[in-house]
Amino acid sequence: MPASHDPADAAFGSARISPQRREIVSAVEALTGAFTVEELARTTHARDASIGTATVYRAVAALEASRWLERVGERDGSALFARCQAGAHHHHHVVCERCGRVEVTQCPVEIAAAENPDGFRITRHEVTLYGLCPSCSASGTGVS
Ligand SMILES: [Zn+2]
Ligand SMILES: [Zn+2]
Ligand SMILES: [Zn+2]
């Protein structure tokens, strides 16, 4: 096996996991909404100073590959990740711009794509909706 096949547990799609990756999984589970890898790295570093940013990047890539984490959008040019319970069926995400809460929404594109011009066959697309969740919306002052 190549060395790039990191050990991991169920979240990583295998039976073994390093203590650092266990800590990363636990940090993700403590987060309530979408996060960037940089934000997760700050959280894990506060828990365990031996966990470097590169370790978190590799762990997140592995967790995304095993579908335990999903990429749900971007913030200021950084990918946003979250746990998503929607499963494998095709769906999109609505991300609160203030608290990072993520909800699942149906695909707005497939109907339009069925009527695509000149027989073009659409093979992939990305849509993320951003807004304010009900509690952020109720608390008033808008995004900033
Ligand atoms: Zn999802
Ligand atoms: Zn919110
Ligand atoms: Zn779609």
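Here, every reference points to the structure presented above.
Rules behind the numbers
- Residues numbered from 1 in each chain as written.
- Chains lettered and ligands numbered in written order.
- Predicted model: local features only at pLDDT ≥ 70, side-chain atom pairs only at ≥ 80, totals over all residues.
- Heavy atoms only, no water.
- Donors = N, O, S within 2.8 Å, 3.2 Å for Na, K, Ca; no water.
- Tetrahedral: all angles 85-135°; square planar, octahedral: opposite > 155°, others 65-115°.
- Helix = DSSP H or I, 4+ residues; strand = E, 2+ residues; numbered from the N terminus.
- Buried < 20%, exposed > 50% of the residue type's maximum accessible area, 1.4 Å probe, protein only.

Asks: It is not clear to me how the coordination of the zinc ion (ligand 2) should be interpreted in this structure. Could you clarify?
Replies: Four donors placed tetrahedrally around a metal ideally meet at 109.5 degrees, and six donors placed octahedrally ideally meet at 90 or 180 degrees. In this structure, C96 (SG), C99 (SG), C133 (SG) and C136 (SG) serve as the protein donors to the zinc ion (ligand 2), at separations of 2.2 to 2.3 Å. Note that the zinc ion (ligand 2) binds 4 donor atoms; their angles at the metal cover 105 to 116°, and the shape is tetrahedral. Going along the chain, you hit the donors of the zinc ion (ligand 2) in the pattern C-x2-C-x33-C-x2-C. Highlighted residues: C99 in the loop between β4 (92-96) and β5 (102-105) and C136 in helix α5 (residues 134-138), separated in sequence by 37 residues. The exposure class assigned to C99 is partly exposed, which follows from its relative accessible area of 37%.

Asks: I'm lost on unusual backbone geometry in this one. Help?
Replies: Backbone geometry follows two general trends: most residues other than glycine have a negative phi, and most peptide bonds adopt the trans configuration. Within the chain, R67 stands out as a residue other than glycine whose phi angle is a positive 70°. With respect to the helices and strands, R67 occurs in the loop between α3 (53-65) and β2 (70-75). Even without glycine at this site, D76 takes up a positive phi of about 50°. Within the secondary structure, D76 sits in the loop between β2 and β3 (78-82). By relative accessible area, which is 77% here, D76 ends up exposed.

Asks: Explain the coordination of the zinc ion (ligand 1) to me, please; I cannot follow it from the model alone.
Replies: Protein coordination at the zinc ion (ligand 1) comes from E70 (OE), E70 (OE), C84 (SG), H91 (NE2) and H93 (NE2), with a distance range of 1.9 to 2.5 Å. In the primary structure, the donors to the zinc ion (ligand 1) are separated according to the pattern E-x13-C-x6-H-x1-H. Of this pair, E70 sits in strand β2 while H91 sits in the loop between β3 and β4, and the two are 21 residues apart along the sequence.

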